[in-house]
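The lines below spell out each chain.
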Amino acid sequence: MKLVILDRDGVINQESDEFIKSPEEWQAIPGSLEAIARLNQAGYRVVLATNQSAVGRQLLDMETLLRIHDKMRYQLAEAGGTLDAIFFCPHRPKDNCDCRKPKPGLFLDIAARLRVPLANVPAVGDSMRDVEAAQAAGACPILVRTGNGQQAEAGVAGRSHIPVYDDLSAAADVLIAGRIPTMHQSQ
Ligand SMILES: [Zn+2]
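Asker: I tried to follow the sheet that holds strand β2 (residues 44-51) on my own but got confused; where do I start?
Answerer: Strands belonging to one sheet form pairs held by backbone hydrogen bonds; the direction of such a pair is parallel or antiparallel. Spatially, the 6 strands line up as an open sheet ordered β3-β2-β1-β4-β5-β6, and their pairing is parallel. Unpaired on one side and paired on the other, β3 (85-89) and β6 (164-165) mark the two borders of the sheet. Across 2 bridges, the pairing between strand β1 (residues 2-6) and strand β4 (residues 122-125) is parallel. Counterpart to Leu6 in the pairing with β4 is Val124. Each of β2 and β3 touches helix α3 (residues 62-78); the most contacted strand, β3, lies at about 145° to it. Helix α7 (residues 168-176) contacts β1, β2, β4, β5 (140-144) and β6 of the sheet and is inclined by roughly 140° relative to β5.

This is the structure we're talking about:
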């Protein structure tokens, strides 16, 4: 089974410092939904792993989060794509849970639920905590320059084995072509 794990905010949709708290605030990054559809067509199952601390901060209730995800899934379906699952962490940083990235809990849950080892599984994110969570879970981090990605790129400078692409569309093209570096870094 080919699997790819994606972050949501800053990878699929535009990032916001104010959190995405309503379906209206969820706006796809151009090309991202089509990129997921191309991954599906190439045989990839696509799963999301996303921090949604706005829930724990009580800026967003679960019903609204589900409505946001309905919008995302609907637009994605129109583009011809589908998500196998959405794993999210609702906690605040101070809750000290095991699932908020950079901790690997969401990734480990995905591995358990899908019964798939994460070695060589690409994980696309736009921030250092995505990279760190992927590494901690044994997956292969990939950065995109959308969202917080340009900051993160500066953070991984010198760790040149972490591939960086302009956006999800560019990363997907490399994955589909089978040219993604899948070496996995141990600490
Ligand atoms: Zn959590």
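Let's pick the thread back up.
Asker: Please clarify how the environment of Val121 should be interpreted in this entry.
Answerer: Along the polypeptide, Val121 turns up in the loop between α4 (105-114) and β4. Sequence separation of Val121 and Ile5 is 116 residues, and the distance between their C-alpha atoms is 7.4 Å. For Val121, the residues in contact, after removing those within four places along its chain, are Leu3, Val4, Ile5, Ala139 and Cys140.

Asker: What is the right way to look at α3 in this model?
Answerer: Think of an α-helix as 3.6 residues a turn; residues three or four steps apart then line up on the same face. Between its terminal C-alpha atoms α3 stretches 24 Å, which fits the 24 Å expected from 17 residues at 1.5 Å a residue. Thr64, Leu65, Ile68, His69, Met72 and Leu76 are the residues of α3 that are buried. Seen from one end, α3 has its buried residues packed into an arc of 140°, which puts them on one side. Among the exposed residues of α3, those oriented more than 90 degrees off its buried face are Glu63, Asp70, Tyr74 and Glu78. At the C-terminal side of α3, Gly80 shows a positive phi close to 95°.

Rules of the game
- Residues numbered from 1 in each chain as written.
- Predicted model: local features only at pLDDT ≥ 70, side-chain atom pairs only at ≥ 80, totals over all residues.
- Heavy atoms only, no water.
- Pairing = 2+ DSSP bridges.
- Helix = DSSP H or I, 4+ residues; strand = E, 2+ residues; numbered from the N terminus.
- Contact = heavy atoms within 4.5 Å.
- Axes fitted to C-alpha atoms, helices over the stretch in contact; angles between N-to-C directions.
- Expected span 1.5 Å × (residues − 1).
- Buried < 20%, exposed > 50% of the residue type's maximum accessible area, 1.4 Å probe, protein only.
- Arc of directions from axis to C-beta.

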